[in-house]
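Descriptive structure summary
Below are the chains, spelled out letter by letter.
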Amino acid sequence: MSYAAHKMMHWPTGIENCAAGFITHSRADFVPRISPIQTDDLDSDWPTPRREIGPVPDLVVTAANVLEVYVVRVQEQDTARGSRAYGESKRGGLMDGVAGASLELVCHYRLHGNVMSMAVLSSGGGDGSKRRDAIILTFEDAKISVLEFDDSIHGLRTSSMHCFEGPEWLHLRRGRESFARGPSVKVDPQGRCGGILVYDLQLIILKAAQGGYGLVGDDDGFASGAAISARVESSYIISLRDMDMKHVKDFTFVHGYIEPVLVILHERDLTWAGRVSWKHHTCMISALSISTTLKQHPLIWSAINLPHDAYKLLAVPSPIGGVLVISANSIHYHSQSASCALALNSYAGSVDSSPEMPRSSFTVELDAANASWLSNDVVLLSTKTGELLLLTLVYDGRVVHRLDLSKSKASVLTSGIATVGNSLFFLGSRLGDSLLVQFTSGVGGASMLSAGLKDEVGDIEGDAPSAKRLRMSSSDEMQEMINGEELSLYGSAQNNAESAQRSFSFAVRDSLVNVGPLKDFSYGLRINADANATGISKQSNYELVCCSGHGKNGALCVLRQSIRPEMITEVALPGCKGIWTVYHKNARGHNAESSDDEYHAFLIISLEARTMVLETADHLSEVTDKVDYFLQGRTIAAGNLFGRRRVVQIYERGARILEGYYMTQDLSFGASNSESGSGSESATVLSVSIVDPYVLLRMSDGGIRLLVGDPSSCTVSVSNPAAFESSKKLVSACTLYHDEGPEPWLRKSSIDEAIDGVLHDQGDVYCVICYESGSLEIFDVPNFNCVFSVEKFVSGKPHLVDTFMGDPQKSQSSEEVSDLSRKEKLQNMRVVELTMQRWSGQYSRPFLFGILNDGMIFCYHAYLYESMDSTSKTEVSASSQNTTASRLRNLRFVRVPLDTYSRNDLSDGTSCQRMTVFKNIAGNQGLFLAGSRPAWLMVFRERIRVHPQLCDGSIVAFTVLHNVNCDHGLIYVTSEGIMKICQLPSITSYDNYWPVQKIPLKGTPHQVTYFAEKNLYPLIVSVPVQKPLNQVLSSLVDQEFSHQVENHNLSPEELHRTYTVDEFEVRIMEPEKSGGPWQTRATIPMQTSENALTVRVVTLFNTTTKENEILLAIGTAYVQGEDVAGRGRVLLFSAENNVDNPQNLVSEVFSKELKGAISALASLQGHLLIASGPKIILHKWTGSDLTGIAFFDVPPLYVVSLNIVKNFILIGDIHKSIYFLSWKEQGAQLNLLAKDFGNLDCFATEFLIDGSTLSLAVADAQKNIQILYYAPKISESWRGQKLLTRAEFHVGAHVTKFLRLQMLSTSSDRTGKNPGSDKTVRYALLFGTLDGGIGSIAPLEELTFRRLQSLQNKLVDAVPHVAGLKPRSFRQFRSNGKAHRPGPDSIVDRELLFHYEMLPLEEQLEIAQRIGTTRLQILSNLDDLSLGTSFL
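What counts and how
- Residues numbered from 1 in each chain as written.
- Predicted model: local features only at pLDDT ≥ 70, side-chain atom pairs only at ≥ 80, totals over all residues.
- Heavy atoms only, no water.
- Helix = DSSP H or I, 4+ residues; strand = E, 2+ residues; numbered from the N terminus.
- Buried < 20%, exposed > 50% of the residue type's maximum accessible area, 1.4 Å probe, protein only.
- Contact = heavy atoms within 4.5 Å.
- Areas by Shrake-Rupley, 256 points an atom, 1.4 Å probe, with all protein chains shown as cover.
- Salt bridge = Lys/Arg side-chain N within 4 Å of Asp/Glu carboxyl O.
- Pairing = 2+ DSSP bridges.
- Axes fitted to C-alpha atoms, helices over the stretch in contact; angles between N-to-C directions.
- Phe/Tyr/Trp six-rings, centres within 6.5 Å; stacked < 30°, edge-to-face > 60°.
- Parallel < 35°, antiparallel > 145°, perpendicular 65-115°, else oblique.
- Left-handed = near helix turned anticlockwise from the far one by under 90°.
- Expected span 1.5 Å × (residues − 1).
- Core = buried A, V, L, I, M, F, W, Y, C linked by side-chain atoms within 4.5 Å.
- Polar contact = N/O pair within 3.5 Å; in protein donor to acceptor, adjacent residues only side chain to side chain.
- pLDDT = per-residue confidence, 0-100.

Let us now look at the overall build of the protein. Scanning the protein for helices and strands turns up 19 helices and 87 strands. Per-residue burial for the protein yields a buried fraction of 58% across its 1432 residues. Taking the contacts inside the protein whose residues are at least 6 apart along the sequence as the reference set, 62% of them involve residues at least 24 apart. Accessible area for the protein stands at about 57,500 Å²; split by element, carbon and sulfur atoms hold 51% of it.

Spelled out as structure tokens, the structure:
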């Protein structure tokens, strides 16, 4: 394996940074341009007063290198009643008149660099300000990017970049190579400047631009409609080392000063654990007044004697001002004039001279807490155990008298908290699902006193899982919040007399699924696997069972890349071309019942030469003989008209309108437009689009017909649109779009709304047409006035703008260069199918999909943009053409990447419709894509989630079915001619990169393995348990020498305090048959202070019975402190299917104690290889005992991973990189073949097999992957002692596990020149990361690699990179200052190559020509790569 490709298949989901700001709209936009949020005066028609929600900012989150901006949609109670869209059951009940709040995606970017920290640069100004905020991102080591939202492209664009790396800034490092933490950014609350701490002691000040504050300038700027965002004007550096600061821990900008004031928390004298009893109050804070114009920073006040474990500063909002210092055991408040403190537990010591600190009413440790302000005097703290605490500042004027701390609910373990507006906050989490929570505060009376004194803490989502909630989301907060439960949040009873009692109540409104951190995973069969599947469809037999989360957020995540519907029944149906289900409303007054739950009446099946009709009652029964449908040929399409009272059936030469069984009207096409020429009679229908009451037909002569229905008489008439009578342009694809919903969306994009006001209330209908020439036009129906047109839609531009508006980005030069050969290539590209759809949801915007004849799929999302020059341009054209008045001139489309989707081969006939829109299949909405590689495109929060379906190969027809036996299900027909009626697994959450099912464990999972014979998953789980201190101390004693515990320095009450210990067990889980919840079949508990480290299924050769036995092996270690020598146990269990007593599923067959921790196990040719401490020992199994037969003292410290192929052994050590050994049966010896001489901190290892080549892959603590090989004949390898590097790559995330999977053969392999080549057995490595990402490393042929590498080098310059980050430097090996010889650059990055498919067609052809290849060649290489690794 000399060359490989790196590809992310599931992007990171663990949220590290979150912040709220007005990014896509300003505070003054009560009705933002994208999204009307009703925030008028709500109190007018409500008798009871309630809180005003106010302007709601956007939410910005980052997960590793993924940046996402969400707009928060708040749904008022009154609007919710009227337009409750289907399937959106609101979470959390009513609170403050708000029925629900949800997150909706605005934009999603994958950056070439991990975001270290993030802040929102406020634009200043009050609630009426029209300016917007900007996002500041920092990256290693000292890169800063400032991003702002640009309405014209509906995305982020970089407004400034600041880099303090490279030779001219080397003096900032002071000779150091590595730093403990990356850059951290904080901003001034009024938006005057920002500060970034880099290289531990250098502070960069970014000065914000002060433009646009003058009254006159303000009006001018906004008349034109362009939004102004906060920007950075200049930057300079303050060296904190020159101010005698040794160790800066945190800094922040405080409120209430005329100039920006920066408070820095730093340590004067350094201390360490051994000296804490003498030097403990070593921290201090210093306040500097920052003058950005003079670049001066005088010290204005300071405070000393803060505890050594202080780590966080919180700026107290106006009008109080000052700063809170949070340490592990106490909280301190300091301002220029006053200070006070609060001790949290008995470890909070005060300085010798000062008085005793006031105590809080309960003990808590606050190390590693996150915090955010809920109001100007209440701060929400989230502790390391996931409890939410509220800290209230009791103040008078600007003087704070004391601090009150009170308990609240428990919630997820957070990585950050952001307050969103005045009534929501967001809990971002790396270890669990992130939550959007609404809070409300009221002043409580005496009746609430009892509730406040209760000691127990409820979970933020109560503990009763309801079936309805299970359907809504299968995340780790499976439980619905207990409605109306208010917890009073104040301290102890005597304080309440003085302070106003505030009670807060919470309601969880939305959650973002997170599958990280993936500590380990195993690859097992799905329940509904198909044993006969081969090739690519065999892949969907498997699933990935992952250990994710931590503590109470621990869960098993079952991930599957492809959807496998649950089959209800299947029928053989050879030669099927299409299927449709239709409704039939009887006149028996069924109109009252809701249309969503109406059952389908008929199933129409089109075969090659005839049509079948089935009734979909209790059973599917054929009624072909009884109905008046057209049955003598194939049907092109069928659907409902006139509010489901009639069915329309379209066949090649005509149409029929039916009511139930009987025909009411028959139409035939052909002779109607005889004047247009003689050959028109032969025109047949090619494709159909039905929107009640219109039917659009595309004919074989390149024209279109429209059937217009008359709802009063339920009849239709054929009309030929006049615009197309004369035109000679041939139509290649067309569709009707129904702009439905309470308020039609496209109407907003037209300036002239008076004309449109007369249309009917059900929404407007538009016709989208693509011509053979590649241009696209949108007409209104039935008048057929052109309202929007785009040249060269076929080239796939990033943005579509109406041609009458003029495209600002159009450059003339590129078109002149294009030579003839390339023009010919463009000529035969055309769009073969179009669909435009707006799914339900109050703020949803339409999507436009197009399929090209080479199988490429475009997806565009509509948005509104009022450009500044819109008035001037149309005045000129209006005189010449009066139709422009009603054009949708503010309509634009932005292209959305469909990354996981691989193109279809269009070898078969393109006549059948491939895209089918569905409104409700098991509560999901979206689009199904039939063809050779079918896929589901589901819509969640205005983003498209692509989930392939591999299990049945090619699919020719698809439709929805809702009847008695199949609740909101589906029917599809495979290319083999089998019709399957299915349902989607409802417990799975599809709003993720891969469909995921979460099984909560209420403990931390550590390792999982798959017992294939019994379909069981043994996994190691640890649960935190509170134990008395004297029990814990007695377990830390060596039993052999049985010392008495010396309790002389502990008082009796201290001995009875509790201490949290992790208790380990091995759970054996089994998936239920229905894809429902999992059952714990057996539990193997560990002894006290014994940690289970590894669990593996091993195959051992029993030397007495001469048979192979499959056993479960567990390796453990006793953790008893540093005074006791380390030991561990190895346990062997056998699994029996005992029907009578399922509790005895596993029985212990052997256990033995060994020296050293047993950190890894593996079976090697029937023997058991055990890594215990600093040596590995090979044992043979006699049936009752393990006896050692060989050993090797190889890993110097501790084995983290052990892999075996044939008789080769690969060992990864925690500090000393990898060792490569072999086992020889004769002479029973383990030999060291080679090792890596570097000092890698190894995380995971695996063998990579490519044909006959064996390579060794290793992932390290610096987030790199290295591929090494053993080559004793090469002189650099020192006669084979040293492993040589074959490739190295920076993944950007900690890889915790590799899995070797055989690659699938692709089309180019089968048609290869040398069919007998050794490359038939190729394996790729699937890996999981701590950010929740899954990726793969796949071997490549040299020719393919060279082609893709030269393409990659071109794309570095051809593609604009978000935040200005360079892909090449991101993917370079990080050695963190250690000596490292750079290895060969022989891994291409599929993340960057993916941008090629998103380029416009002309640029694709040009780049392909520059590197001397063709576009089709590149696309087929990329296709083969994604096909070969489409596992699961």
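After that view, the rundown keeps rolling.
Another aspect to go through is the pattern of salt bridges. All told, the structure shown has 52 salt bridges when counted by the stated rule. Arg-157 is the salt-bridge partner of Asp-150, the closest N and O atoms lying 2.6 Å from each other. Of the residues examined, Asp-150 reaches a relative accessible area of 13% and is grouped as buried. The partner of Arg-1300 in a salt bridge is Glu-1246, and the shortest N-O contact between them spans 2.8 Å. In this pair, Arg-1300 is assigned in strand β84 (residues 1295–1302) and Glu-1246 in strand β80 (residues 1242–1250), connecting sequence segments 54 residues apart. A cluster of three or more residues bridged by salt bridges with shared partners is formed by Asp-510, Arg-941, Arg-945 and Asp-991.

Attention now goes to the pairing of strand β22 (residues 370–375). Counting buried positions along β22 yields five of six residues, so the element is predominantly enclosed. Sheet analysis places β22 next to strand β23 (residues 378–382), joined by five bridges and oriented antiparallel. In the sheet register, Trp-373 faces β23, and the bridge partner there is Val-379. Taking the residues between adjacent antiparallel strands as the criterion, β22 and β23 are bridged by two residues.

This next bit is on the sheet that holds strand β87 (residues 1387–1389). Judged by pairing direction, the sheet is mixed, and its five strands sit side by side in the order β84-β85-β86-β1-β87 without closing on themselves. Because the sheet does not close on itself, it has two edges, and the strands there are β84 and β87. Strand-to-strand, the axes of this sheet are offset by a mean angle of 25 degrees, without reference to chain direction. Strand direction decides the pairing type here: strand β1 (residues 3–10) and strand β86 (residues 1334–1340), joined by seven bridges, are antiparallel. Residue pairing across strands places Ala-5 opposite Ala-1338, the latter belonging to β86. Here helix α15 (residues 1342–1358) sits on the sheet in contact with β1, β86 and β87, set at roughly 45 degrees to β87. Along the sheet, helix α17 (residues 1390–1398) makes contact with β1 and β87, crossing β87 at roughly 50 degrees.

To continue, consider the packing of aromatic side chains. Per the stated rule, a full pass over the model turns up 33 aromatic pairs. Pairing Phe-164 with Trp-169 gives two aromatic rings, centres 4.9 Å apart and planes at 65 degrees, and the pair type is edge-to-face. According to the relative accessible area criterion, Trp-169 is partly exposed, its value standing at 25%. Pairing Phe-425 with Phe-506 gives two aromatic rings, centres 5.5 Å apart and planes at 85 degrees, and the pair type is edge-to-face.

Bringing the sheet that holds strand β6 (residues 117–121) into the picture now. The antiparallel open sheet is built from four strands, whose spatial order is β6-β7-β8-β9. The open sheet has two edge strands with one neighbour each: β6 and β9 (155–163). Neighbouring strand axes in the sheet, compared pairwise and without regard to direction, differ in orientation by 25 degrees on average.

Across the interface, α17 lies against helix α19 (residues 1415–1428) with an axial gap of 11 Å and an inter-helix angle of 135 degrees. As the angle between them shows, α17 and α19 are arranged oblique. Remark: the crossing between α17 and α19 carries left-handed chirality. Between α17 and α19, the contacting residues are Arg-1390, Leu-1393, Tyr-1396 and Glu-1397 on the first element and Arg-1415, Ile-1418, Leu-1419, Leu-1422, Leu-1425 and Ser-1426 on the second.

Between the first and last C-alpha of α15 there are 24 Å, a value that for 17 residues agrees with the 24 Å anticipated at 1.5 Å per step. All of the buried residues in α15 are Thr-1344, Phe-1345, Arg-1347, Leu-1348, Gln-1349, Leu-1351, Gln-1352, Leu-1355 and Val-1356.

Let us now look at the nonpolar core. Ranked by size, the top nonpolar core spans 62 residues in total, and within it Leu-544, Leu-1326, Leu-1351, Leu-1355 and Tyr-1396 carry the most contacts. Here Leu-1355 is in contact with His-1361, Leu-1392, Leu-1393, Tyr-1396, Leu-1399 and Ile-1407, once residues within four sequence places are set aside. Formed by 32 residues, the second largest nonpolar core is a distinct cluster that contains Val-582, Ile-636, Met-699 and Leu-707.

Mapped onto the fold, Thr-13 is located in the loop between β1 and β2 (17–21). A polar atom in the side chain of Thr-13 sits 3.0 Å from the backbone nitrogen of Val-515.

Our focus in this paragraph is the confidence of the model for the protein. For the protein, per-residue confidence averages 83 on the pLDDT scale, and 82% of positions sit at 70 or higher. Confidence drops under pLDDT 50 across residues 587–593; counting only partners more than four residues distant or on other chains, this segment forms two contacts. Confidence drops under pLDDT 50 across residues 870–885; counting only partners more than four residues distant or on other chains, this segment forms 13 contacts.

Time to look at the environment of Asn-890. Inspection of the secondary structure puts Asn-890 in the loop between α11 (870–880) and β55 (891–895). Taking C-alpha positions, Asn-890 is 9.3 Å from Leu-746, a pair spaced 144 residues apart along the chain.

With that out of the way, let us pick up the environment of Val-98. Tracing the backbone shows Val-98 in strand β5 (residues 98–110). The spatial distance from the C-alpha of Val-98 to the C-alpha of Ile-53 is 8.7 Å, given a sequence separation of 45 residues.

So, on to unusual backbone geometry. Cis geometry marks the peptide bond from Ser-318 to Pro-319; its omega dihedral reads 5 degrees. On the secondary structure map, Pro-319 appears in the loop between β18 (310–315) and β19 (323–327). Here the residue pair Asp-692 and Pro-693 is connected by a cis peptide bond, since its omega of 0 degrees sits within 30 degrees of zero. In this structure, Pro-693 sits in the loop between β43 (685–691) and β44 (694–699). The backbone phi angle of Arg-1279 is positive, close to 55 degrees, even though this residue is not glycine. Relative to the helices and strands, Arg-1279 resides in the loop between β82 (1264–1269) and β83 (1284–1290). By relative accessible area, Arg-1279 is classed as exposed at 78%. The backbone phi angle of Ala-1363 is positive, close to 65 degrees, even though this residue is not glycine. The residue Ala-1363 is located in the loop between α15 and α16 (1367–1370) in this model.

Of all nine residues in α17, eight are buried, a share of seventy percent or more. Within α17, the full set of buried residues consists of Arg-1390, Glu-1391, Leu-1392, Leu-1393, Phe-1394, Tyr-1396, Glu-1397 and Met-1398. The opening residue of α17 is Asp-1389, an N-cap whose side-chain oxygen sits 3.1 Å from the backbone nitrogen of Glu-1391.

Let's shift gears to the pairing of strand β61 (residues 969–974). Where burial is concerned, most of β61 is hidden: six out of the six residues are buried. Two strands pair when backbone bridges link them, and strand β60 (residues 955–961) and β61 are joined in this way by six bridges, in the antiparallel orientation. What sits directly across from Ile-955, in β61, is Thr-974. One ladder, built from four bridges, connects β61 with strand β62 (residues 978–983); its direction is antiparallel. By the bridge assignment, Ile-971 is partnered in β62 with Ile-981.

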